[in-house]
Amino acid sequence: MSNESAIRRDVGAIALMFTGLGSIIGSGWLFGAWRAAQLAGPGAVYAWIIGAVVILFVAFTYAELGAMFPESGGAARYGHYSHGTLVGFVAGWAAWIAIVSVIPVEAEASVQYMSSWPWDWAHSLYVHAANGQGELSHAGLWIAAALVVIYFLVNFWSVKVFANTNSAITFFKLIVPAATAVALMCSSFHAENFHIGVHGGPHVGNLAAILTAVATSGIVFSYNGFQNPVNLAGEARNPGRSVPFAIFGSIALSTVVYLMLQVAFLGSVSPDHLGEGWAALEYSSPFAQLALALNLNWLALLLYADAFVSPSGTGSTYTAATARMLYAMERNGTVPKVLGGVHPKYGIPRPAMWFNLLVSFIFLFFFRGWGKLAAVISVATIITYLVVPISVIVLRRTAPHLHRPLRVPGLPVLAPMAFVLATLMLFWARWPHTGQIMLLLILPLPMYLYYQAKGNWLDFGRQLRASWWLLAYLIAITVLSWAGSKEFEGHDYIGYGWDQLCVAVTSLAFYFWGVRSGWRTPAVVAVENDAAEMAAVKS
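Keep in mind that what you see is a predicted model, and the values were worked out from it rather than measured. Numbering of residues begins from 1 in every chain and follows the order in which that chain's sequence is written. Reporting of local features is limited, given that this is a predicted model, to residues whose pLDDT is at least 70; pairs of side-chain atoms are given and counted only at 80 or more, and all residues count toward the totals for whole chains, interfaces and linings. Excluded from the side-chain calculations are hydrogens and water; all other atoms, namely the structure's heavy atoms, are used.

**Concerning the overall build of the protein**
Numbering goes from the N terminus for both helices and strands, where a helix is a DSSP run of H or I of at least four residues and a strand is a run of E of at least two. Counting its regular elements, the protein contains 26 helices and two strands. The globule rule puts the C-alpha radius of gyration for 539 residues at 24 Å, and the 22 Å found for the protein is close to it. Burial status across the protein gives 63% buried among its 539 residues. Between two residues, a contact is recorded if the distance between any of their heavy atoms is within 4.5 Å. The contacts in the protein between residues at least 6 apart in sequence include a share of 84% that link residues at least 24 apart. Per element, the accessible surface of the protein, about 19,400 Å² overall, is 69% carbon and sulfur. Charge assignment: positive for Lys and Arg, negative for Asp and Glu; neither His nor the chain ends contribute. In plain terms, the charge of a residue is placed at NZ if it is Lys, CZ if Arg, CG if Asp and CD if Glu. Taken as two groups, the 27 positive and 23 negative side-chain charges of the protein have centres that lie 14 Å from each other. For this measure, only C-alpha atoms enter the radius of gyration; the expected value for a globule follows 2.2 Å times N^0.38, where N is the number of residues. Burial classes: relative accessible area under 20% of the type maximum marks a residue as buried, over 50% as exposed, and values in between as partly exposed (1.4 Å probe, protein chains only). Exposure was quantified through the Shrake-Rupley algorithm and a 1.4 Å probe, taking into account, for residues, occlusion by the shown protein chains and nothing else.

**Regarding the side chain of Ser268**
Note that Ser268 resides in helix H14 (residues 239–268). For Ser268, a relative accessible area of 4% puts it in the buried group. Within polar-contact distance, the side chain of Ser268 engages the backbone oxygen of Ala264 at 2.7 Å. If near-sequence neighbours (up to four positions away) are discounted, Ser268 is found in contact with Leu184, Ser188, His190, Leu290 and Leu294. We define a polar contact as two N or O atoms separated by no more than 3.5 Å, with the added condition that, inside protein, one atom must be a possible hydrogen donor and the other a possible acceptor, whereas residues neighbouring each other in sequence contribute only through side-chain atom pairs.

**Observations concerning the packing of aromatic side chains**
Classification of ring pairs uses Phe, Tyr and Trp, with its six-membered ring standing for Trp, and accepts pairs whose centres are within 6.5 Å; under 30 degrees between planes counts as stacked, over 60 as edge-to-face, and the remaining range as tilted. What the rule picks out here adds up to 33 aromatic pairs. Note on Phe31 and Trp34: the rings are 6.3 Å apart at their centroids and 55° apart in plane angle, and the pair reads as tilted. Highlighted residues: Phe31 and Trp34, both in helix H3 (residues 27–40), separated by three residues, approximately one helical turn. When the ring of Tyr511 is compared with that of Phe512, the centres are 5.1 Å apart and the planes differ by 80°; the resulting orientation is edge-to-face. Exposure remark for Phe512: the relative accessible area of 48% places this residue in the partly exposed category.

**Let's talk about the environment of Ala37**
Residue position: Ala37 is located in helix H3. Under the relative-accessibility criterion, Ala37 is labelled buried at 1%. Separated by 497 residues in sequence, Ala37 and Met534 place their C-alpha atoms 54 Å apart. Apart from the residues lying within four places of it in its own chain, the contact partners of Ala37 are Ala44, Gln262, Phe265, Leu266 and Trp278.

If you want it as structure tokens, here you go:
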């Protein structure tokens, strides 16, 4: 029995949607409205809408491939199928970094909310700093580390236990945010707050600030949970129906919840606290502190409880998904073979789980606050959206006969739009975040070269030719971010507005280069052969 066949298909459509919804509604709802308001003031409402629209475009491309390749950790495999091992390695590495770092950030969120408990020992768990850059103390880090271990144990024995647990947790997570928004708006709503600017004075719509909020305040990070139904497609009983249902259902429901929360936050803050504008607001547990200020003690207690439930549900979901992603990367032949091992009884990729646990501790101790780590995750997440829109179009050309349970209409238009929008989001993240993440993507390339050398550089030239577009793209967007306008922290060699136009046009050129670079890879030929053999057996 192969490892892939050892993975059990125990997850139904509703449970799969809850894995996406459970990932989306995590610490993002606890902190995202506050961070978005700090960056964009009342414009934060538009930031959530823009984020949802961009994610929907990207999700269209994921939906077709997720149903077409119902594999565990599938998002790490699509570039491998369409362009070969090098593109697959870079895309898989970016996707893994983006989601493995979510595990510690969810633990940090829980502890950060603990720090506003009415006891001195709790207050010492978090140290405030300007612009949402506070950090956990040593005691807070130890508690966060313990939570990461709990996420690990929830997933250690059975994916079915994980799915059932997550469904129950996610139902609770839907009720609490909705109740929070309604309670705050009914208790105190100051319409005049929507006329106060980021730094005080009258609010003036600042598109650059809104776009930066989309990319770095935790909005992209919050919505990214739609990928988890794709990564867990190998466990779905009916992936052709379950995967698209899970993706679009989770995005739609979460968008409604996030908009309610953002409006409630903006309206419930006392105008007396906005003398220096939204940017000066510093909270360790935003909604709980607002509830206490309004004497909604019952809501504060509920929020303190949910500060463990929501992030813990998301942390557990990502613990499952990251293990499947490493498992998929091992099948690409670019990470150590031991990480592809699956427990013969429980069907769980346990070696990958142990490795992710270690990496989670490293992220936890290097990025000690929610604001810091959420910004890093947001940029890394955007990188993961770049290969899939190209891969789905390439595979329509190179593997036209593969069964597609879901064939997205209008994809030749939607895919380039998704690629351009994802590139713009990357630019909106501001320099030097873009350059730092690009460097992080380059660092593991020696590992890829090591495995190529072990394979006697078999077909390496073909792999390299298929990847030049991606390598050149990473360099080009880094340079544009560096040279862009001061509104996006660039060196202002390209004026505001023109910089985004340059990024859009450049990304469109790279999109078509990427599509032309796709080829009929050995990996997709193997999938077609397997499908033909299964069809022959059934007949």
